[in-house]
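# Fold and geometry: a report
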Amino acid sequence: HAVTFAAGLACEGVKPMCAIYSSFLQRAYDQVVHDVALQKLPVRFAIDRAGPVGADGATHAGSYDLSYLGCIPNMVLMAPSNEAELINMVATSLDYEEGPSAFRFPRGNGIGVDLEKEGIVGRKGQPLPIGKAKLRRSGSDVALVGIGASVNECLMAADILDKEFGVSATVVDARFCKPIDTEMMEQLAKEHPALLTVEENSIGGFGAQVTHHLCHQGLLDGKTKLRPLILPDTFIEHATRESQLDQAGLSAKHIVSTVLGVLERQKQKADVDNDIAKASAKRESDAIETNRAKEEIRRIIRQRDPQEKALIVDFGNDVPCE
């Protein structure tokens with residue numbers, strides 16, 4: 001109903017902003033296609049809970065929106081890497097009148113960028129050029145193209161690759177899943193022996209858009225190696241966001257491991273994979289201990305009053321409190 005109502009408002013010249021969870025928008029897919037996109041109505045979709053959502057679990061995970069929106073004609077699709085980019089994408093969406101647009105952002109706080117240094121005055125952003133990416137770091141050995149929150153993992157991975165392995169990495173903030181910056185993608189494929197796309201989305205999203213374009217340009221017929229990193233074909237259950245990114249293979253360390261594999265540095269890759277396995281085992285052990293602590297608190301409460309129901313509230317990093 002919200003999507004169709006927004007379409008009606010757009011028909012009457014209003015600028016509707018339909019704010020909705022990614023997983024909830026799935027239920028309005030037919031309305032997005034027929035009531036909005038088919039008529040090229042400028043409805044704006046502000047999509048919360050994109051990617052892994054921590055304690056909200058699999059039911060609320062925004063795992064598919066880049067795929068199910070990216071295939072719809074007339075749709076402009078964005079994803080910010082930080083809060084300054086989000087503000088600019090709100091401005092871009094409001095400024096764009098040629099059809100529907102959407103921007104997806106993750107659950108949680110921003111990363112803490114200085115808004116003034118990013119050109120944000122009074123929390124008012126500037127419209128971005130449609131379909132243009134942003135170069136965040138220049139390198140020569142590999143290109144890491146992230147979209148949304150994955151850009152920050154790419155930047156951390158680039159630091160690790162440089163400091164620990166002497167690998168020079170270019171990092172690009174794609175900004176747009178549709179239309180992609182075809183000029184930038186072609187340049188990266190021509191100038192780097194390896195190219196990775198990284199996204200907190202299932203198969204068929206940003207990586208698919210890039211792969212499709214580069215294939216048809218003949219840029220993957222030679223020596224350029226392309227590796228799309230996406231969410232795995234499984235539901236990821238409740239956990240911390242950090243743990244979920246590890247399970248998905250989308251953390252900075254996993255990006256480093258993939259790069260080393262592509263560059264055929266198998267010994268270094270094995271060392272990184274071993275570190276990842278150790279960290280994962282520790283997190284699992286910590287989670288078990290946390291659950292034991294919760295059960296002990298519940299037991300103590302029930303001993304005091306068998307009729308009293310135990311209430312556990314988790315603050316921050318899953319710390320149990322009565």
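Residues numbered from 1 in each chain as written. Predicted model: local features only at pLDDT ≥ 70, side-chain atom pairs only at ≥ 80, totals over all residues. Heavy atoms only, no water.

## Quick look at the packing of aromatic side chains
The final tally for this structure, using the stated rule, is three aromatic pairs. Judged by centre distance (4.9 Å) and plane angle (25°), the ring pair of Tyr-21 and Phe-24 falls under stacked. Exposure remark for Phe-24: the relative accessible area of 36% places this residue in the partly exposed category. Ring geometry for Tyr-29 against Tyr-68: centres 5.6 Å apart, planes inclined by 85°, an arrangement best described as edge-to-face. Of this pair, Tyr-29 sits in helix α3 (residues 29-37) while Tyr-68 sits in helix α4 (residues 65-70); the two residues are 39 residues apart in sequence, bridging distant segments of the chain. Residue Tyr-68 is classed as buried on the basis of its relative accessible area of 11%. (Phe/Tyr/Trp six-rings, centres within 6.5 Å; stacked < 30°, edge-to-face > 60°. Buried < 20%, exposed > 50% of the residue type's maximum accessible area, 1.4 Å probe, protein only. Helix = DSSP H or I, 4+ residues; strand = E, 2+ residues; numbered from the N terminus.)

## Re the sheet that holds strand β8 (residues 176-178)
The strand order across the open sheet formed by five strands is β1-β2-β4-β3-β8, and the pairing between neighbours is mixed. Both outer strands of the open sheet, β1 (17-21) and β8, are each paired with one neighbouring strand and no more. Mean inter-strand twist for the sheet, computed between neighbouring axes without regard to direction, equals 20°. In this sheet, β8 lies alongside strand β3 (residues 76-78) in antiparallel orientation, the contact comprising two bridges. Across the sheet, the residue bridging to Met-78 is Phe-176, located in β8. (Pairing = 2+ DSSP bridges. Axes fitted to C-alpha atoms, helices over the stretch in contact; angles between N-to-C directions.)

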